[in-house]
Each structure stands twice: as C-alpha cells, then as structure tokens.
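Listed here are the chains, written in short residue letters.
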Amino acid sequence: MTTLTTADLAPSAQPEPAPDPRPLSAPISRALSLVVLVLLAALLVDVLFEGWVQQLFGHPGLPNAKGDPTWILADWPKNVKTGLFLLVLGFTVIKVAVDKSWRDFFTKAELALVALGVIMAISGFFGGRGAVLIGQALFVYFRGVIVFFAWRAVRPTTKQLKPILYLVGGIAVLNAGLAIVETLIGYPAYQWLGWTDLTWARINRAHALLNHPNHLGHFLMIVEIGLIAWFSTKDKISKKLWFLFGFLALGMSATQSRESAIGFVLAAVVIWWMRRRPVRPLAIALILVVGFTGLQLLNSTENRVTLEKRILGVLAALHFGAGSSAEDQPGIPAREIRVLFYQQGAKLFVERPVLGYGVGQFGGTVAFQHDPTWYKKFNFNLYGAKPDQVDSFWLHLAVETGALGVLGYLVWLFFLIAPMVRSRTRGPDVSPYVLWGGRRWWSRRGGGGLPVALAGGPAVPGVVLHRARARVVGAATWRQRGHRAGHPAGRSGAVGDQVLAAGGARRRRDRRPPEVQLAVAQTGRRRRGSGGLGDRASARRTGTCSA
C-alpha cells in the first residue's frame, strides 16, 4: 500500500493545466442550438399554414363524375415540410455529436421506440412491401419523434422558448379571430381566404387558415391547455390573460370540434390530478369552453342539425353495420362513416391480428401515393370519403401493424408519460411545462396528428427522460418556491439550469466558459493540497490517499 506524504500532496511550482477535450464545443453547441430552434419555428409555421398555402397555389382540375368543378392542391408545400424535417434531424444529430450527449438518448423510451420500429419494419416485409415504401411509412409515423428529440437535444431556456411561444400564440389568435369572422359572416369569409371547397361553410364550421375544422380545434385546444397549465401555477391571473383564453375558447367553439372540447375537459381532469390545487382556474376554464361550445350549438341551426345527424348516424351504423345485407335495401338511413370504418377495420384486424398487413398499405399518404385504389384489395368501402386517409390513427395503426404494433406503441407512450406522473411532477411545485406535456401525451391521437405534435413541442423539455445521474427537470426549474417568494432562483429562466444529482440534491449547472471552469478547478486542487490534517482526513474519506 502506497503512503503519500505532505510533500506529495503539496502543489508543484508550475502545475500543468489539464487540456480541454472540447475547446470549441461550447460556441459550436450554442450555434447549433440556435439553428435547430429556428428550424423548429419554421417547421411550426409551415405545418400551420401548409393547407392554406396548398389551396392558394393550387389550380383548377377536371370536373368530377357529378360534373362539379375540382381544385388541385399544390404539392411543393409538403416537400418543403419534408425538407425541414430532414434538416431538423440532421442538425440535431450534429449537435448531439458535438455535445457527446448520446447517453441521454439511451433510455427505456428509446429502447421501446426501437422495438416499435423493428415491429413495423417486420410487418412491412411480411406484407410484401419493399424497403423504400417501408422507410417512407416509418418516416411518416415517426416524424413527430424528430421534433421530440430536437427539443431534448437543445434543452432550450425560457428566454429561447419565448419567441417560439409568442409565434405560436400569435398564429393561434389569428386563426381564432378568423374562425369567429367566418361564423359571423358565412360564405364570403371563406371565399375571401381563397377556399374553393365550401363543404364546411354549408354547415357553419369554421376552419380559418387550416384545411379542416378539427385541425383548427385541436390546435387551439393544445394552446388553451398550455395556458390553463400555466394558470394553475400562478397565484393571480390578470383579466387580460382570461380575455385571451376566452377569445381562443370562442374561436375553438366556432370549429364545432366535439373532439377538441372533450379533449380539453379530459385535460383539465389530468391537470387537476397532477396539480391537485387550485380548482378555481380549472373550473373557470371549463365553464368558458363548455359554455361557448353550447352557445354555438344554440345559436347555429346548421350545427344543431349536423349534431343530430351524427348521433342518428351512429345509431344507424350500429343497427345497419358495414357489409350487412341491409346496405342494398332502398331507404337505409345515413350512417356515421367513422363507425363503418371501424367495423370494416375490425374484420381486417381479425384476419391478421399479430403483425397486420404491413406499414404503408392501408390508407394514409404513403399508401395513396403508391396505389390510389389501395382500398380495393382490402374490399374496404370508403362510402364516398377521400382515399388518402381513414380518419383514425388507431385504426390505421391496428390494421397495418396488428396487435404487436399497437402494444409496442402503447409501451412507448407509457415510458414517455410515466416520468411526468410520478411523485416529482405532482404537488404545489409542478411545472406548467410538465402539466402541458402530461396532457399532450394523453391526447386522443397519441402523436398521430402532426399539428398537435408540433404544437406540443414546447412541452417536451418537461419530460424527465434523461440519465438518473443528472436528470433535467424541464421548466420545473420554474422553481415555484423561489418564484413566489421572490428568491433569486425564481428569476432564472433556464430550462436546464437546475439538475438533479445522484442523491437527489439539486445543483446549478456551471455555464461558465471552459477556461474559467478549468482555472477554478486548478485553484481548488492547490487549496486541497495544503497538506493539513483536515485535508488528509478528507482525502482519506474519499479514498485518494492512505495512511
């Protein structure tokens, strides 16, 4: 056993500084973070305006079978979106390589994601499809994951998040205002915006700059969830903020998206369960959302008639199911098309319950591009619906990947949700970002709706999915106690400022330049090497020397 003397512990006259292994990583990493955030902001804008831009740059097509005029949408906006996704992916990979943070992405969630990808690829090969089509289908399934990884790689500060949140908020206010105008004015408002398909105008369902009322309703719902999550962490909410929330709720009611209204109610329940108090902001928000939705129904005859038809259509579809002998009988009542789709999908699922028919074959953009009449080989009746989708993400997933694919997807979602519903994310100090993110992953589409996935992006840093030795606490570094008590910690804006060390102790990340950190470390070593009894005892405890 080697014995060290005080002379051995004394500092040398000219200590050699340890070389910095990454002298250029800090500025390069910051630049890459900025690039990724700019690309994410551009992707958000592209997704939220894509449908409208496609409409504006489209051109008239040939009349359909009924002799009605048609409109061909422009394709290049979708290519721009794909290019932005690939750019985000590329710069994210480069940033992770520069930061050498690969270990942050070896979690249970990533393992479940890899397993899900393998299941989907196997289902595609067994379905007789080539590697190119399988790759395209997987890209469409998992492109929202690119956004998720990008947020985690950047770990943006509150200062960096604000411009993006203001950008999304401004677009939400614009769309809400246009939806209200469409409801009040009617057909002219839709035509002023350049829409040629006035199907939704006939039943008084506004969609503003998005191409479907449900898309707008989902988008506004996510923004409102973010606001109410923030409200639930504040001691006092100003009248201006409540006016903003009410304005967005009124815009969402103009879409008459029942899914969005129900989704918000469920979100309020989840936030209450994670937060437990206070109840008043949640109650006020529920009254506004439910009240405006109900008033819209009372005020609009078209909305009431449409809702009655949908309810009767569900009952008729349950009584006269898809493929029943009654379909050929004259006078059969109108049936809800979603129920008919699920009935046909259930039969297809039973035929191939394990791995399904393979990705890229049943509905969706990829299947439609490779085979516009894909539904014929499945004997799947569209009942007049467009062939580029089957309306339900879960139906699409179940038929294409079978029970293994659905189970793999649920397992992946579980590992995403679990960190946000553990004890650390509950109680009086829970972050609004965690509340927002917690509700995002419980959304109806489970990540299938791209606008929802992107709008939920700012919540992603709140997901605690990092190494146990140093877990990022999202903007729960909001630090409720310090914020409310006026403590300086409450004024810190960094999402990643506070980390959780191995023993649960909290420490602030050292953001000083590497050369300053190195100088401080060298000074500390010289002080510890004074050779005193206290230093010897400390060294003994840490195992750096022996007596």
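Our structure is the block above this text.
So, a few notes on the structure that sits alongside this text. (Residues numbered from 1 in each chain as written. Predicted model: local features only at pLDDT ≥ 70, side-chain atom pairs only at ≥ 80, totals over all residues. Heavy atoms only, no water.)

### A short note on the overall build of the protein chain
What counts here: A helix here means a DSSP run of H or I that spans at least four residues, while a strand means a run of E at least two residues long, and both kinds are numbered starting from the N terminus. Residue contacts follow a heavy-atom distance rule, with two residues in contact if any of their heavy atoms lie within 4.5 Å. Note on areas: Shrake-Rupley with a 1.4 Å probe; residue coverage comes only from the protein chains shown.
A tally of regular secondary structure across the protein chain gives 22 helices and five strands. Partitioning the intrachain contacts of the protein chain with sequence separation of at least 6 by distance along the chain shows that 69% fall at a separation of at least 24. Carbon and sulfur atoms provide 65% of the accessible area of the protein chain, an area that totals close to 27,600 Å².

### Quick notes on unusual backbone geometry
Rule in force here: Exposure categories follow from relative accessible area, calculated using a 1.4 Å probe and restricted to protein chains: below 20% of the type maximum is buried, above 50% is exposed, and the middle band is partly exposed.
With a phi close to 50°, Arg155 is a non-glycine residue in the positive phi region. By the secondary structure assignment, Arg155 is in the loop between α5 (131-154) and α6 (158-185). Phi angles above zero are rare outside glycine, and Gln256 is one such case at about 55°. Residue position: Gln256 is located in the loop between α10 (239-255) and α11 (258-275). Relative accessible area serves as the criterion here: at 2%, Gln256 is assigned to the buried category.

### With respect to α11
Which entries qualify depends on this criterion: Between the first and last residue of a helix there are one fewer steps than residues, each counted as 1.5 Å, and that sum is the expected span.
Its 18 residues give α11 an end-to-end C-alpha distance of 25 Å, which sits within 8% of 26 Å, the value for a rise of 1.5 Å per residue. By the burial criterion, the buried members of α11 are Glu259, Ser260, Ala261, Gly263, Phe264, Ala267, Ala268, Val270, Ile271, Met274 and Arg275. The positive-phi residue at the C-terminal boundary of α11 is Arg276, with phi of around 70°.

### Some details on the pattern of salt bridges
Quick note on the threshold: The working definition used for a salt bridge is a side-chain nitrogen of Lys or Arg within 4 Å of a carboxyl oxygen of Asp or Glu.
Tallied over the full model, the rule gives seven salt bridges. Put simply, Lys81 and Glu50 hold a salt bridge, and the shortest N to O gap is 3.2 Å. On the criterion of sequence distance, the pair formed by Lys81 in helix α3 (residues 76-99) and Glu50 in helix α2 (residues 25-56) is long-range, its members being 31 residues apart. Lys95 is the partner of Asp99 in a salt bridge, and the nearest nitrogen-oxygen pair spans 2.7 Å. You can see Asp99 and its partner Lys95 sitting in helix α3, four residues apart, about one turn around the helix. Several salt bridges share partner residues, and in doing so they unite Glu50, Lys78 and Lys81 into one network.

### Let's talk about the packing of α6 against α10
Stated formally: Throughout, an axis means a line fitted to C-alpha atoms (over the contacting stretch in the case of helices), and angles, computed between N-to-C directions, take values from 0 to 180 degrees. Roughly parallel covers angles under 35 degrees, roughly antiparallel covers those over 145, roughly perpendicular covers 65 to 115, and oblique covers all other angles. Take the far helix as your reference; a near helix turned counterclockwise from it by less than a right angle gives a left-handed crossing, and one turned clockwise gives a right-handed crossing.
Look at α6 against α10: their axes get within 8 Å of each other, and the N-to-C directions meet at 50°. With respect to α10, the element α6 is oriented oblique. In the packing of α6 onto α10, the handedness of the crossing is left-handed. Within the contact between the two elements, α6 uses Ala172, Val173, Ala176, Gly177, Ala179, Ile180 and Thr183 and α10 uses Leu244, Phe247, Leu248, Leu250, Gly251 and Ala254.

### Observations concerning the packing of α11 against helix α12 (residues 280-299)
How we decide: Side-chain classes follow a simple rule in which Ala, Val, Leu, Ile, Met, Phe, Trp, Tyr, Cys and Pro form the nonpolar group, Asp, Glu, Lys and Arg form the charged group, and the remainder, Gly included, forms the polar group.
Viewed as axis vectors pointing N to C, α11 and α12 meet at an angle of 170°, and their least axial separation amounts to 10 Å. With respect to α12, the element α11 is oriented roughly antiparallel. For the pair α11 and α12, the contacting residues are Ala261, Phe264, Val265, Ala268, Ile271 and Trp272 in the first and Leu282, Ala285, Leu286, Val289, Val290 and Thr293 in the second. When the residues that make up the contact of α11 with α12 are grouped by side-chain class, the tally is eleven nonpolar, one polar and no charged.

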